[in-house]
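# Fold and contact review
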Amino acid sequence: MSSTRPNRIGHKVTQWVSEQASPEQWEVKILDLAQIGLPFLDEEGMPMQGNYAKPHTQAWASEIFESDAVVVVTPQYNRSFPAPIKNAIDYLFAEWNAKPIALVGYGWSGASDATADLTKVLTHVKAEVVGSVGLSFPEQLSTEGVVLDGDAAAAELRQLLETLHSKVLDLDEVPVQS
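This write-up is about the structure you can find in this document.

## Regarding the packing of helix α1 (residues 10-20) against helix α6 (residues 150-173)
Taken N-terminus to C-terminus, the directions of α1 and α6 make an angle of 65°; their axes are 9 Å apart at the nearest point. In this view, α1 runs roughly perpendicular relative to α6, as classed from their interaxial angle. Taken as a pair, α1 and α6 cross one another with a handedness that is right-handed. Where α1 approaches α6, its residues W16, V17 and Q20 are matched on the opposing element by G150, A153, A154, L157, R158 and L161.

Encoded structure:
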């Protein structure tokens with residue numbers, strides 16, 4: 001969850017997203033950037049070097065590295081994504097490499113600008129963005145965080161999660177080269 005605003009609805013959208021994930025395919029762990037509390041990038045070394053000195057960076061790197069895939073739930077702020085998710089991405093480099101990622105955006109335009117911008121940033125760090133779903137106010141999502149177009153939105157999200165799962169399975173089948 002990428003929003004850290006005090007009055008955010010991201011936790012409700014994230015909970016809805018997690019409920020759409022098949023328990024046979026996914027063990028869901030919600031990572032809330034407001035609770036993780038990464039300060040603005042404060043590592044001395046370049047993330048590409050992977051020499052993380054700070055405990056918060058080491059913990060964040062471990063969370064991403066140990067995840068088979070990531071679903072980023074993000075609002076759209078000022079035609080893009082919020083600063084905390086950019087900061088969280090910038091902390092790491094190798095951990096994003098080939099990591100399958102799906103994006104779920106929400107906002108007045110379904111967060112299409114936010115997910116497009118996130119795709120550019122994540123692709124730059126070599127992540128594998130498999131697609132996105134957008135929820136628009138007020139047609140699909142209330143401003144209080146209630147999904148209104150439940151069946152159609154859930155079907156679209158489940159398809160995205162299926163694509164994400166297929167990507168994870170594809171990565172599991174790649175032989176290790178020595």
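## Regarding the pattern of salt bridges
Throughout the structure, instances matching the rule amount to six salt bridges. Residues K120 and D117 are paired through a salt bridge, measuring 3.8 Å at the closest nitrogen-oxygen approach. Here the residue K120 and the residue D117 both occupy positions in helix α5 (residues 112-124), the gap between them amounting to three residues, near one helical turn. By relative accessible area, which is 22% here, D117 ends up partly exposed.

## Section: the layout of surface pockets
Its volume calculated, the largest pocket comes out at about 810 Å³. Around the largest pocket, the lining is made up of 31 residues, and of these V28, K29, A69, V70 and V71 lie nearest the centre. Taken together, the elements giving at least two residues each to the lining of the largest pocket come down to α1, α3 (55-66), β1 (70-75) and α6. Within the lining of the largest pocket, the residues separate by chemical class into 20 nonpolar, six polar and five charged. If you add up the space inside the second largest pocket, you get close to 300 Å³. Looking at the second largest pocket, it is lined by 14 residues, and the ones nearest its centre are R5, P75, Q76, Y77 and F137. Split into classes, the residues belonging to the lining of the second largest pocket amount to six nonpolar, six polar and two charged.

## Quick notes on the nonpolar core
Within soluble globular proteins, side chains that are nonpolar generally end up buried alongside one another. Judged by nonpolar contacts, the single largest core of 25 residues is most densely connected at W60, I89, L92, W96, I101, L118 and L122. Of all the secondary structure elements, the ones that give two or more residues to this core are α3, β1, α4 (83-90), β2 (100-107) and α5. If one sorts the elements of this core by residue count, α5 sits on top with four residues. In this view, L122 contacts I89, W96, I101, L103, A127 and V129; residues no more than four positions away in its chain are not counted. By size, the runner-up hydrophobic cluster in this structure holds 23 residues, among which are I9, A102, L135 and A153.

## Some points on unusual backbone geometry
In the segment running from F137 into P138, the intervening peptide bond is cis, with an omega of -15°. Residues other than glycine seldom take positive phi values, yet N78 does so here, at roughly 50°. Here N78 lies in the loop between β1 and α4. Not every positive phi belongs to a glycine, and K126 is a case in point at roughly 75°. Positionally, K126 belongs in the loop between α5 and β3 (128-136).

## Observations regarding the packing of α4 against α5
Put simply, α4 and α5 touch, their axes get as near as 11 Å, and they point 10° apart. Taken together, α4 and α5 sit at an angle that is classed as roughly parallel. Taken together, the residues of α5 that come into contact with α4 (itself represented by I85, K86 and I89) are L118, V121 and L122. Split into classes, the residues belonging to the contact of α4 with α5 amount to five nonpolar, no polar and one charged.

Conventions we followed
- Residues numbered from 1 in each chain as written.
- Predicted model: local features only at pLDDT ≥ 70, side-chain atom pairs only at ≥ 80, totals over all residues.
- Heavy atoms only, no water.
- Axes fitted to C-alpha atoms, helices over the stretch in contact; angles between N-to-C directions.
- Helix = DSSP H or I, 4+ residues; strand = E, 2+ residues; numbered from the N terminus.
- Parallel < 35°, antiparallel > 145°, perpendicular 65-115°, else oblique.
- Left-handed = near helix turned anticlockwise from the far one by under 90°.
- Contact = heavy atoms within 4.5 Å.
- Salt bridge = Lys/Arg side-chain N within 4 Å of Asp/Glu carboxyl O.
- Buried < 20%, exposed > 50% of the residue type's maximum accessible area, 1.4 Å probe, protein only.
- 1 Å grid on protein atoms, 1.4 Å probe; cavity = no way out; pocket = protein on both sides within 12 Å on 5 of 7 lines; lining within 4 Å.
- Points joined across faces, edges and corners; volume = space filled by probe spheres on them.
- Nonpolar A, V, L, I, M, F, W, Y, C, P; charged D, E, K, R; others polar.
- Core = buried A, V, L, I, M, F, W, Y, C linked by side-chain atoms within 4.5 Å.

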